Amino acid sequence: MSISRRTILKAGLAGLAASAVAGCNNGAADRPPGEVSYWLWDSAQLPMYSECAKLFEQQNPQYSVRIEQNGWADYWNKLVTGFISGTAPDVFTSHSSKYPLFADKGQLLAIDEFVAKDNVDLGIYQKGLADRWVGADGKRYGLPKDWDTEVYFYNSAMTEAAGISTEQLNSMTWNPKDGGTFEQIVARLTVDAKGRRGDQPGFDKNNVKVYGLGFGDAGGADGQTSWSWYAASNGWKYSEGEPWGTKFFYDDPKFVETIAWWRGLITKGYMPSLSQAKSGIDSSATAAFGAGRYAITPNGSWMLGTYGQLKQVKTKLARLPQGPIGKRMSMMNGLADSIWAGTTRKEAAWAWVKFLGSQPAQDIVAKAGVVFPAVTASMPAAKDTFAKAGWDVTPFLEPVEAGNVFPFPANPNAADVSAVMTPAMEAVVGFQAEPSSLAKANEEVNEILSASS
């Protein structure tokens, strides 16, 4: 990525630094006293947070909450515009890949004093979650609200037809040399137009009806739902100082060989090409899975509700494979609620954030059966809710319980890093560049980090 392209990226965000104190606070003068404006992006979570707001208002009649929901892309564009124009919400749902930049630009209110004053117990959350919201400056910018890991969603009718047992799926291994039992299973689940499987003579890799493994994209800088667990279970780390990357390792031979193997599944016909995965019905891995195009798709726990709606497919969950280091690894991420630095309603905003991070609110989240609540004591209710919906969520929980998790990579220059790694990964997975080209991309990433330090 050239310096000029990076400059363009930074120019689009340049207005953030000075806007927090200059804004008009989202029309505060035109809103009822004590009203907190709150934004989120997930429509599936809107009902449960509306219920949270009702309980909060009952317990705190001096305050009220006005919720606005926007889709993922519109959400972040509108939020950045709000920072610059002074129309941002008092409180908003934040992501670990986004908040470092916002904090760096002075757009987030550090809540350390509020936490200390109200003696908030940070030990109630799943291990490691509370620390995710302490920035590189050592200040806290949110309270956890949920968390997620990844598993394989699989079509059980297809695995049964292929003669693959639940035990085989849950004991898969992989390595970058021959793919291990995982690749054997993916090959078995792949079926060409004439009904021949990927492990049978005459299999036509150029005329595939069902791919053993589906995917959504090339993974960009994080590979959360595409390649992250393969690389981690091969002994790779994103950077020094995880999660706060100070030097990235996309040039590590362990990462390069992982991506080379993963891309090789396309060559063998077991996984669709990148162009196929980005077009037509296959442009949505979930929709393609529902249409019977993919036997297995990796995804995060936040997608349980979406997969649950695919009534035409009997979907089950399987563990991620054990890698060369002898462990099953999963990225563990989570969301938090943050306060805009420009709000003039700090006390009301904090009251809402504190409530959302408390067990009464987290119990509502748990019973909604959409995501896993951040409060540990609320998890039994969540497991019960998912079980009633037909999900055994154990594969999501095991890596957390075993401590075999790693964080979503974070740094204030995430947008710039993504602008380098997204096209670099697409070029590799699209066979326009070799995996060895990631060394050059890594140089550009580390150039960005060194220039900003």
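About the criteria used
Residues numbered from 1 in each chain as written. Predicted model: local features only at pLDDT ≥ 70, side-chain atom pairs only at ≥ 80, totals over all residues. Heavy atoms only, no water. Helix = DSSP H or I, 4+ residues; strand = E, 2+ residues; numbered from the N terminus. Buried < 20%, exposed > 50% of the residue type's maximum accessible area, 1.4 Å probe, protein only. Contact = heavy atoms within 4.5 Å. Areas by Shrake-Rupley, 256 points an atom, 1.4 Å probe, with all protein chains shown as cover. Lys, Arg positive; Asp, Glu negative; His and termini not counted. Charge placed at Lys NZ, Arg CZ, Asp CG, Glu CD. Pairing = 2+ DSSP bridges. Axes fitted to C-alpha atoms, helices over the stretch in contact; angles between N-to-C directions. Parallel < 35°, antiparallel > 145°, perpendicular 65-115°, else oblique. Nonpolar A, V, L, I, M, F, W, Y, C, P; charged D, E, K, R; others polar. Left-handed = near helix turned anticlockwise from the far one by under 90°. Salt bridge = Lys/Arg side-chain N within 4 Å of Asp/Glu carboxyl O. Polar contact = N/O pair within 3.5 Å; in protein donor to acceptor, adjacent residues only side chain to side chain. pLDDT = per-residue confidence, 0-100. Core = buried A, V, L, I, M, F, W, Y, C linked by side-chain atoms within 4.5 Å. Phe/Tyr/Trp six-rings, centres within 6.5 Å; stacked < 30°, edge-to-face > 60°. Lys NZ or Arg CZ within 6 Å of the ring centre and 35° of its normal.

Asker: What is the right way to read the overall build of the protein chain from this model?
Answerer: Looking only at helices and strands, the protein chain has 20 helices and 16 strands in total. Taken along its principal axes, the extent of the C-alpha atoms in the protein chain is 75 × 55 × 40 Å. Within the protein chain, the fraction of its 453 residues that count as buried is 56%. For the protein chain, the proportion of contacts with a sequence separation of at least 24, taken over those separated by at least 6, is 73%. Entry remark: accessible area of the protein chain is about 18100 Å², with carbon and sulfur atoms responsible for 52%. Looking at the protein chain, you have 42 positive and 46 negative side-chain charges, and the mean spots of the two groups are 3 Å apart.

Asker: I'm lost on the environment of Leu55 in this one. Help?
Answerer: Positionally, Leu55 belongs in helix α3 (residues 46-59). Spatially, the C-alpha atoms of Leu55 and Ala232 are 41 Å apart, while their sequence positions differ by 177 residues. Here Leu55 is in contact with Phe355, Pro360 and Ile364, once residues within four sequence places are set aside.

Asker: Could you clarify how one ought to interpret the sheet that holds strand β11 (residues 294-300) in this entry?
Answerer: Hydrogen bonds between backbone atoms are what pair the strands of a sheet, whose relative direction is either parallel or antiparallel. The strand order across the open sheet built from 5 strands is β7-β8-β11-β6-β12, with neighbouring strands paired in mixed fashion. Looking at which strands have only one partner, the edges of the open sheet turn out to be β7 (191-192) and β12 (315-318). Taken strand by strand, helix α9 (residues 180-189) contacts β6 (150-155), β7, β8 (208-213) and β11, and its axis lies near 160 degrees from that of β8.

Asker: What is the right way to read the packing of helix α19 (residues 414-429) against helix α20 (residues 438-452) from this model?
Answerer: Where α19 meets α20, the closest approach of the two axes is 9 Å, and the angle between their N-to-C directions is 175 degrees. With respect to α20, the axis of α19 lies roughly antiparallel. Of α20, the residues touching α19 (which contributes Asp416, Val417, Val420, Met421, Ala424, Met425 and Val428) are Leu438, Ala441, Glu444, Val445 and Ile448. When its residues are assigned to classes, the contact of α19 with α20 shows 10 nonpolar, no polar and 2 charged.

Asker: Explain the packing of helix α16 (residues 359-368) against helix α17 (residues 379-388) to me, please; I cannot follow it from the model alone.
Answerer: For any two helices packed against each other, one specifies the crossing angle of their axes together with the interaxial distance. Packing of α16 against α17 leaves a shortest axis separation of 7 Å and a crossing angle of 20 degrees. Comparing their axes, α17 and α16 come out roughly parallel. Along this stretch, α16 crosses α17, giving a crossing that reads as right-handed. Contacts between α16 and α17 involve Ala366, Lys367 and Ala368 on the former and, on the latter, Ala381, Ala382 and Thr385.

Asker: Where do I start with the pattern of salt bridges in this structure?
Answerer: Side chains carrying opposite charge are able to pair once their charged atoms draw close together. Summed over the entire model, instances satisfying the criterion amount to 16 salt bridges. The partner of Arg31 in a salt bridge is Glu35, and the shortest N-O contact between them spans 3.6 Å. Of the two residues, Arg31 and Glu35, both sit in the buried class. A salt bridge links Glu426 to Lys278; the shortest N-O distance between them is 3.3 Å.

Asker: Looking at this structure, how should I read the pairing of β8?
Answerer: Along any regular strand the residues' side chains alternate between the sheet's two faces. In terms of residue burial, β8 counts as a mostly covered element, since 5 of its 6 residues are buried. Bridge count for β7 against β8 is 2 bridges, and the pairing is antiparallel. Each bridged residue has a counterpart across the sheet, and for Asp192 the counterpart in β8 is Val208. Sheet topology places β8 next to β11; 2 bridges connect them, and they run parallel. Bridging from a neighbouring strand, Leu213 pairs with Ile296 of β11.

Asker: Whenever I open this one, the sheet that holds strand β2 (residues 64-69) confuses me. Can you help?
Answerer: With mixed pairing, the 5 strands of this open sheet are ordered in space as β2-β1-β3-β14-β4. Two strands in the sheet have a free side with no partner beyond their single neighbour: β2 and β4 (143-144). Inspection of the sheet shows strand β1 (residues 35-40) paired to strand β3 (residues 91-95) by 2 bridges, in the parallel sense. Counterpart to Trp39 in the pairing with β3 is Phe92.

Asker: Would you mind going over the environment of Thr394 with me for this structure?
Answerer: Secondary-structure assignment places Thr394 in helix α18 (residues 394-402). According to the relative accessible area criterion, Thr394 is partly exposed, its value standing at 34%. Taking the C-alpha atoms as reference points, Thr394 and Pro407, 13 residues apart in sequence, are found 20 Å from one another. A polar atom in the side chain of Thr394 sits 2.6 Å from the side chain of Asp392.

Asker: What am I meant to see in the side chain of Gln126 here?
Answerer: Inspection of the secondary structure puts Gln126 in the loop between α6 (112-117) and β4. For Gln126, a relative accessible area of 14% puts it in the buried group.

Asker: Can you walk me through the confidence of the model for the protein chain in this structure?
Answerer: In low-pLDDT segments, the atomic positions of the prediction should not be examined closely. Looking at the protein chain as a whole, its pLDDT mean stands at 92, while 93% of the residues score no less than 70. In the model, residues 1-12 has pLDDT below 50 throughout and makes 17 contacts with residues more than four positions away in sequence or in other chains.

Asker: What am I meant to see in the nonpolar core here?
Answerer: The tendency in soluble globular proteins is for nonpolar side chains to be buried as a group. Core analysis: the biggest nonpolar cluster contains 66 residues, and Tyr152, Trp227, Tyr230, Tyr250 and Met421 have the highest contact counts within it. Here the element with the most residues in this core is α19; it accounts for 8 residues. Of all hydrophobic cores here, the second largest spans 57 residues; its members include Leu143, Val151, Ala348 and Val371.

Asker: Please clarify how the packing of aromatic side chains should be interpreted in this entry.
Answerer: Taken as a whole, this structure holds 47 aromatic pairs when the rule is applied. When the ring of Trp39 is compared with that of Tyr75, the centres are 6.5 Å apart and the planes differ by 65 degrees; the resulting orientation is edge-to-face. Placement of Trp39 in strand β1 and of Tyr75 in helix α4 (residues 72-85) is noted, with a sequence separation of 36 residues between them. Residue class for Trp39 comes out buried when judged on its relative accessible area of 4%. Look at Tyr75 and you get buried, because its relative accessible area is 0%. Ring geometry for Trp236 against Tyr238: centres 4.7 Å apart, planes inclined by 55 degrees, an arrangement best described as tilted. Trp236 gets classed as buried once you look at its relative accessible area, which sits at 4%. Classification of Tyr238 as buried rests on a relative accessible area of 2%. Among the aromatic residues, those joined into a ring-pair cluster are Trp39, Trp41, Trp72, Tyr75, Trp76, Phe83, Phe92 and Phe102. Across from the ring centre of Tyr49, 4.1 Å away, lies the NZ or CZ of Lys145, which sits over that ring.

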